[in-house]
Amino acid sequence: MGQPVRDYLLTLCVTAAVTYLLTGPVRKFAIAVGAMPAIRARDVHREPTPRLGGIAMFGGLCAGLIVADHLYNLKSVFELSNEPRALLSGAALIWLIGVLDDKFEIDALIKLGGQMIAAAVMVIQGLTILWLPIPGVGTVALTQWQGTLLTVALVVITINAVNFVDGLDGLAAGMVCIASTAFFLYAYRLWMGYGIEAAAPATLFAAILMGMCIGFLPHNMHPARIFMGDSGSMLIGLVLAAGAISITGQVDPDAMKLFVGSERQATHAMLPVFIPLVLPLTIIAIPAADLVLAIVRRTWNGQSPFAADRGHLHHRLLEIGHSHSRAVLIMYFWSALIAFGAVGYSVHSASMWIVFVIMAASAVGLVLLLMPRFTPRTPRWANRFVPPRYRRPDPEQASSPAYEEKPELVTSGAQQGAQAARAAGLNGATAVGGRQRFLSRQKVDSSR
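This structure is a prediction, so every number in the text was calculated from the model and none was measured. Going along each chain's sequence as written, the residues are numbered from 1 onward. Side-chain atom pairs in this predicted model are given and counted only at pLDDT of 80 or more, local residue features only at pLDDT of at least 70, and totals for whole chains, interfaces and linings cover all residues. Hydrogens and water molecules were not included; the side-chain quantities draw on all heavy atoms of the structure.

### Here's the deal with the overall build of the chain
Our working definition: Here a strand is any run of E in DSSP of at least two residues, a helix any run of H or I of at least four, and the numbering for each starts at the N terminus. Three labels apply to residues, based on accessible area from a 1.4 Å probe with only protein chains included: buried if under 20% of the type maximum, exposed if over 50%, partly exposed otherwise in between. Any two residues whose heavy atoms approach within 4.5 Å are treated as being in contact. To measure how exposed things are, a 1.4 Å probe is used in the Shrake-Rupley method; for residues, cover is taken only from the protein chains shown.
Secondary structure summary: the chain contains 17 helices and two strands in total. When the 448 residues of the chain are sorted by exposure, 50% land in the buried category. Look at the contacts in the chain between residues 6 or more apart in sequence, and 75% of them connect residues 24 or more apart. Surface exposure of the chain reaches about 21100 Å², of which carbon and sulfur atoms provide 66%.

Pasting the structure below:
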């Protein structure tokens, strides 16, 4: 069991390294070709930032698949299944559409059509939902048209959900990385715990997706030096959907041989069968909720569902006074709480304490992050490792004449910022004048 873990770890590291190393040259290329759109009304960054980060992420995807194809414990995935090739074909198509959109801003309906075509390409090559395990009914086989429609719908929903949440530095990549980690734990348990070879492709997809996000995050954390753009957000959304489709519609529930013991034991043992129905939805629960709320909000206001606005969840977190980094962390904790909580239902009761610890830690961190007035202070020895606003002042500097004048200026500026924040209806330690991003929610001239 140790060798597959090492192979997955090697694949993840290679994917992350290639993505990280390619992002720098891609940034220079994006600047050279002019893929630096002007700041829009709904953007939160203050200066033009290059996009096309998806080029580096696609390079990491290709590198991960190539390495996995040459590893002893993973090459059987390519020999016994056509799903990796199907993923690469669909990913190349959706990546090309994203690159064109990052450079030329193509129409939203054209992107939607491209997403459906990319999903259809994967279906043609065998990456599709064949059956569904339904509680109380059992395993239901799907017709070809039913499986195709369900697969295309899941791909399109996942891609757009990830694309919608890509509004803050490091938000989409971090949330997808958390979701893919939870998905990897679930898929790996099905493969190694139950000996189901059909779960191996989904496990590989999750490991590669983790590497893509980890390699890109250092360049994308606030303040971001490059954005992934649609070429990256749609790409990681498609890879996430491909893993969910593979493990939902390809794994035969009867292969788990769980119908033994008492009725209570059988009910608990059947959770790994039913969890694929819920896990893909919980992985994108936050982006999907944002997507639904955006469609309802825009339709209610008489706008097109594709008309961009500033009412997303991350925008609201900024409006109530959270800083950029804190808003991202809050979304991270929500994703971890939901994704790992769902995976917990498929874990045996003897190991449930691990899941409870993860969920408790996520809940405590979420409560702390939801308090804008809370400003943590680090020990003095760690001042050089944290942002300036979290540093504890040095007693020697605080007693110096030069330092005595500075607090007055800071206090005066803070008082002015606090007055402006109160006038705007904001509150909290981070709700000062300079952090008020949005004064009104108006329709902006963007198709995304």
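### Description of the pattern of salt bridges
As a reminder of what qualifies: Think of a salt bridge as a Lys or Arg side-chain nitrogen and an Asp or Glu carboxyl oxygen that are within 4 Å of each other.
Under the defined criterion, the tally for this structure stands at three salt bridges. Across the salt bridge formed by Lys111 and Asp230, the nearest N and O atoms sit 2.7 Å from each other. You can see Lys111 sitting in helix H5 (residues 108-124) and its partner Asp230 sitting in helix H9 (residues 229-249), a full 119 residues away along the chain. Here the salt bridges do not stand alone but share partners, grouping Asp101, Lys111 and Asp230 into one network.

### Here's the deal with helix H14 (residues 324-344)
Applied cut-off: Given a helix with a known number of residues, its expected span is that number minus one, times 1.5 Å.
Taking 1.5 Å as the rise per residue, H14 with 21 residues should run 30 Å; its terminal C-alpha atoms sit 30 Å apart, in good agreement. Among the 21 residues in H14, 16 count as buried, and that is most of the element.

### Remarks on the confidence of the model for the chain
The condition is simple: pLDDT measures how confident the predictor is about each residue, on a scale from 0 to 100.
When pLDDT is averaged along the chain, the result is 76, and 66% of the positions lie at 70 or above. Ranking the elements of the chain by mean pLDDT puts helix H17 (residues 401-423) last with 44 and helix H2 (residues 54-69) first with 96. Note that pLDDT drops below 50 for residues 258-268; the model gives that stretch 11 contacts with residues more than four away or on any other chain. Counted against residues more than four places away or in other chains, residues 403-448, with its pLDDT under 50, gives 78 contacts.

### Thoughts on the nonpolar core
Selection criterion: Think of a nonpolar core as a cluster: buried Ala, Val, Leu, Ile, Met, Phe, Trp, Tyr and Cys residues, connected wherever their side-chain atoms sit within 4.5 Å.
If you look at the biggest cluster of nonpolar residues, it comprises 92 residues, and the most contacted ones within it are Leu61, Leu204, Leu235 and Leu238. It is helix H7 (residues 171-194) that provides the largest number of residues to this core, a total of 15 residues. Here Leu61 is in contact with Thr15, Leu87, Ala91, Ile208, Met212 and Leu235, once residues within four sequence places are set aside.

### A few points about the packing of aromatic side chains
Worth spelling out the cut-off: Pairing of aromatic side chains here covers Phe, Tyr and the six-membered ring of Trp, requires ring centres within 6.5 Å, and sorts the geometry by plane angle: under 30 degrees stacked, over 60 edge-to-face, intermediate tilted.
Overall, the coordinates contain five aromatic pairs when judged by the stated rule. Measuring from centroid to centroid gives 5.9 Å for Tyr8 and Trp191, while their planes differ by 85 degrees, and the two rings are edge-to-face. Placement of the pair is Tyr8 in helix H1 (residues 2-32) and Trp191 in helix H7, with a sequence separation of 183 residues. Per residue, the accessibility class of Tyr8 equals that of Trp191, and both read buried. Measuring from centroid to centroid gives 4.6 Å for Phe58 and Trp95, while their planes differ by 10 degrees, and the two rings are stacked. You can see Phe58 sitting in helix H2 and its partner Trp95 sitting in helix H4 (residues 83-104), a full 37 residues away along the chain. What makes Phe58 buried here is its relative accessible area of 13%. These aromatic residues form a ring-pair network of at least three members: Tyr8, Phe184, Tyr188 and Trp191.

### Section: unusual backbone geometry
Leaving glycine aside, a negative phi is the common case for residues, and trans is the common case for peptide bonds. The residue after His222, namely Pro223, is reached through a cis peptide bond having omega -5 degrees. Within the secondary structure, Pro223 sits in the loop between helix H8 (200-220) and H9. Phi angles above zero are rare outside glycine, and Leu52 is one such case at about 70 degrees. Topologically, Leu52 is positioned in the loop between H1 and H2. According to the relative accessible area criterion, Leu52 is buried, its value standing at 3%. Even without being a glycine, Glu105 presents a positive backbone phi close to 55 degrees. Mapped onto the elements of the fold, Glu105 is located in the loop between H4 and H5. Here Glu105 falls in the partly exposed class, since its relative accessible area comes to 35%.

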